[in-house]
Amino acid sequence: MISTSRPTLVPAGTWAVDPIHSTVGFSVKHLGIATVRGKFEEFEGTLEIGDSDESARAYGTVQGVSINTGDDGRDEHLRSADFFGVEQNPELRFESREVTHVDEDTFEITGDLSMNGVTKPVTLKAEVQGTETDPWGNERVALEVTGQLNRGDWDMTFNQALGSGNLLVGEKVKLSLDIAAVKQA
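Residues numbered from 1 in each chain as written. Predicted model: local features only at pLDDT ≥ 70, side-chain atom pairs only at ≥ 80, totals over all residues. Heavy atoms only, no water.

K.L.:
For this particular structure, what's the right way to read unusual backbone geometry?
P.N.:
The phi torsion of most residues other than glycine is negative, and most of the peptide bonds are trans. One non-glycine residue, leucine 31, lies in the positive phi region at around 65 degrees. Within the secondary structure layout, leucine 31 lies in the loop between strand E2 (23–30) and strand E3 (34–40). The phi torsion at aspartate 155 lies on the positive side, around 60 degrees, for a residue other than glycine. When you line up the elements, aspartate 155 lands in the loop between strand E10 (139–150) and strand E11 (169–183). (Helix = DSSP H or I, 4+ residues; strand = E, 2+ residues; numbered from the N terminus.)

This is how it looks when you write it as structure tokens:
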């Protein structure tokens, strides 16, 4: 039998996301014309890499209360039941179901994203930025992860129509994660 599996892009092992050197960010249109960017400041994640893409797993959690867009009033509104509903659903959670090799440094991660009490599938594109050993002997890997979702699919339906036909808050949310992970012993 001929194996069609490819070696993984990330060396095999368990990798813990380093929150000090990582960012979990997003952007969304405001008034249909401006882009508002935000990030979550409390998160953790793990990459479990086997000998092939088929055995790879990625999972992580984000604390919804840690959202930061640079405006306290907007952040409080985003924490409310109109958006993330952090009182009832304090944690956002992602767990991969499939990792697919795309090219020499890119793969797709399809998994379940849970937020605001709703779990839906999402596909993310991950680009390996490289591996390195830090001055203390720790193996590290870096990835740029991007994706897009429609916030209404997670029951985040608050909005207001404007006279121009634009919406106060865009439906499309772009995800942008810069992940640095450290190999565990």
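K.L.:
Would you take a moment to explain the pairing of E2 for this structure?
P.N.:
Note on strand geometry: in a regular strand, side chains alternate between the two faces of the sheet. One ladder, built from seven bridges, connects E2 with E11; its direction is antiparallel. Its bridge partner lying in E11, valine 24 is registered against leucine 177. Inspection of the sheet shows E2 paired to E3 by seven bridges, in the antiparallel sense. By the bridge assignment for E3, glycine 25 is matched with lysine 39. Hairpin geometry of E2 and E3 is characterised by an intervening segment of three residues between the two adjacent antiparallel strands and by a positive phi of about 65 degrees at leucine 31. (Pairing = 2+ DSSP bridges.)

K.L.:
Explanation requested: the nonpolar core in the structure shown.
P.N.:
Considering soluble globular proteins, one finds that nonpolar side chains tend to be buried as a cluster. Residues Phe40, Phe84, Phe107, Met115 and Leu143 are the most contacted members of the largest nonpolar core, which totals 44 residues. Ignoring any residue separated from it by four or fewer positions in sequence, one finds phenylalanine 107 in contact with Leu9, Val99, Thr100, His101, Val102, Leu124, Lys125, Ala126, Val128 and Leu143. (Core = buried A, V, L, I, M, F, W, Y, C linked by side-chain atoms within 4.5 Å. Buried < 20%, exposed > 50% of the residue type's maximum accessible area, 1.4 Å probe, protein only. Contact = heavy atoms within 4.5 Å.)

K.L.:
Sorry, what's going on with the packing of aromatic side chains here?
P.N.:
Geometry of an aromatic ring pair is reported as the spacing of the ring centres plus the angle between the planes. A complete count under the given rule lists three aromatic pairs for this structure. A ring pair is formed by phenylalanine 26 and phenylalanine 40, whose centres lie 5.7 Å apart and whose planes are at 45 degrees; its orientation type is tilted. Here phenylalanine 26, found in strand E2, pairs with phenylalanine 40, found in strand E3; they are 14 residues apart in sequence, far enough to count as distant. The class of phenylalanine 26 is buried, set by a relative accessible area of 13%. For phenylalanine 40, a relative accessible area of 7% translates into the label buried. The structure contains a cluster of three or more aromatic residues connected by ring pairs, namely Phe26, Phe40 and Phe84. (Phe/Tyr/Trp six-rings, centres within 6.5 Å; stacked < 30°, edge-to-face > 60°.)

K.L.:
Hey, could you run me through the pairing of strand E8 (residues 106–115) in this one?
P.N.:
Of all 10 residues in E8, eight are buried, a share of seventy percent or more. In the sheet, strand E7 (residues 91–103) pairs with E8 via nine bridges, with the strands oriented antiparallel. Its bridge partner being in E8, serine 96 is matched across the sheet by glycine 111. Following E7, the chain reverses through two residues before pairing antiparallel with E8. The sheet contact formed by E8 and strand E9 (residues 118–133) spans 10 bridges and is antiparallel.

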